[in-house]
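Geometric and topological summary
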Amino acid sequence: MKDKATNPPFAPFLVRIAAMVYESLLVAAVLFVASLPFLYLVGNAQTGWQRHLFQAYILGVLFAYFSTFWLRSGQTLAMKTWRIRLVTDDGSRLTLKQAGLRFVLALLGLLLVGIGFAWALIDRDGQFLHDRIAGTRLVRVARKAGP
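Presented here is a report on the structure given in the accompanying data block. (Residues numbered from 1 in each chain as written. Predicted model: local features only at pLDDT ≥ 70, side-chain atom pairs only at ≥ 80, totals over all residues. Heavy atoms only, no water.)

**Quick notes on the side chain of Arg137**
- With respect to the helices and strands, the residue Arg137 is situated in strand S2 (residues 136–140).
- Summary of buried charges: Arg137 has no salt-bridge partner, and the nearest side chain of opposite charge, Asp89, is 4.7 Å away.
- Discounting chain neighbours no more than four positions away, the residues touching Arg137 are Asn7, Pro8, Phe10, Arg85, Leu86, Val87, Thr88, Asp89, Gln127 and Asp131. (Helix = DSSP H or I, 4+ residues; strand = E, 2+ residues; numbered from the N terminus. Buried < 20%, exposed > 50% of the residue type's maximum accessible area, 1.4 Å probe, protein only. Lys, Arg positive; Asp, Glu negative; His and termini not counted. Salt bridge = Lys/Arg side-chain N within 4 Å of Asp/Glu carboxyl O. Contact = heavy atoms within 4.5 Å.)

Here it is as structure tokens:
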């Protein structure tokens, strides 16, 4: 791990929560658009195998959305707005394995009444549980200097 003096600061808890709220709006739009071709081709996805296939499809869309941004730049659109970047513990870009692990653990933490996110309130660095386990962290991105 790099020296703390050269590491960017962790993103504050409330900023991360605000980014998550904004992200949820973007993700809702992505899922709405992604659902249309599936429902057109399969039809009713409320029961039976169609429902399970739809749920797997939605998880795949979510993973594709997040992992693409995380692997490319470390920032989703909401993270760019709130000046947050996802990096590994040593400050480098994520691997596909880390992105997958973080995605699964974050989903589990959310499904377990948000315990993985509430973990940040007691963590020594204020990290979410999925970031602690996956070897990632959310850092604050410095403002660009104006002209």
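**Here we look at the environment of Ala142**
- Of note, Ala142 is situated in the segment after S2.
- Each C-alpha atom, one on Ala142 and one on Pro8, is 8.3 Å from the other, the two residues being 134 residues apart in sequence.

**Quick notes on the pattern of salt bridges**
- In the structure shown here, the tally under the stated rule is 4 salt bridges.
- Arg102 is the partner of Asp131 in a salt bridge, and the nearest nitrogen-oxygen pair spans 2.5 Å. Separated by 29 residues along the polypeptide, Asp131 in helix H6 (residues 129–134) and Arg102 in helix H4 (residues 96–111) bring together distant segments of the chain. Each member of the pair, Asp131 as well as Arg102, is classed as buried.
- Notably, a salt bridge pairs Arg124 with Asp125, separated by 3.9 Å at the nearest N-O pair.
- In the salt-bridge network here, residues are joined through shared partners; they are Asp123, Arg124, Asp125 and Arg132.

Function cannot be inferred from these measures alone, as they are strictly geometric.
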